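Spelled out from the first residue to the last, the chains are:
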Amino acid sequence: SSGINAEYGREESCISVGYGHLGDNNLHLNLVTPTYSTQVLGLIEPFIYEEVAKLRGSISAEHGLGLKKANYLKYSKDSGVIDMMTVIKGVFDPNAIMNPYKLLPWK
């Protein structure tokens with residue numbers, strides 16, 4: 001979080017806590033700031049997704065993606081894989097009634 005702190009302007013501005021169930025390679029990351037900040041969010045989200053992509057990780061774990069993260073799937077899956085996932089979802093859920101918009105990027 002030191003890079004974020006430097007850009008945000010105060011050394012104590014951001015505390016990062018990683019936790020999770022590492023036995024299956026799932027790490028959750030929480031960043032705590034004194035108040036909600038779109039500035040910090042704008043700095044941290046691209047950084048995290050780009051680092052995950054460099055490490056060939058995934059932004060999703062065992063329960064898939066939520067509404068806020070669906071459009072970031074491109075950082076950990078290439079377009080061919082996302083297209084195949086869309087086809088498979090279409091086969092099993094042609095009316096898009098099972099968890100609509102909660103797994104794949106909106107097109």
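Here is a short report on the structure shown in this document. Just so it is clear, the model here is predicted, and its values are computed rather than measured.

Criteria and thresholds
- Residues numbered from 1 in each chain as written.
- Predicted model: local features only at pLDDT ≥ 70, side-chain atom pairs only at ≥ 80, totals over all residues.
- Heavy atoms only, no water.
- Phe/Tyr/Trp six-rings, centres within 6.5 Å; stacked < 30°, edge-to-face > 60°.
- Helix = DSSP H or I, 4+ residues; strand = E, 2+ residues; numbered from the N terminus.
- Buried < 20%, exposed > 50% of the residue type's maximum accessible area, 1.4 Å probe, protein only.
- Patch = residues over 30% accessible without salt bridge, like charges linked within 9 Å, V, L, I, M, F, W, Y side chains within 5 Å.
- Areas by Shrake-Rupley, 256 points an atom, 1.4 Å probe, with all protein chains shown as cover.
- Salt bridge = Lys/Arg side-chain N within 4 Å of Asp/Glu carboxyl O.

## Regarding the packing of aromatic side chains
- By the definition in use, this model includes three aromatic pairs.
- Judged by centre distance (4.4 Å) and plane angle (25 degrees), the rings of Y49 and Y72 are stacked. A residue pair is termed long-range when its members are at least 10 positions apart, and Y49 in helix α2 (residues 38-54) and Y72 in the loop between α2 and α3 (79-92) qualify at 23 residues.
- With relative accessibility at 5%, the residue Y49 sits in the buried group.
- Since its relative accessible area comes to 26%, Y72 is described here as partly exposed.
- Aromatic rings pair up to connect Y49, Y72 and Y75 into one cluster.

## Notes on a nonpolar patch on the surface
- Together, M84, V87, I88, V91, F92, I97 and M98 line one region of the surface with nonpolar side chains, adding up to about 770 Å² of accessible area.
- Considering the arrangement of structural elements, one finds F92 in helix α3.
- Here F92 falls in the exposed class, since its relative accessible area comes to 65%.

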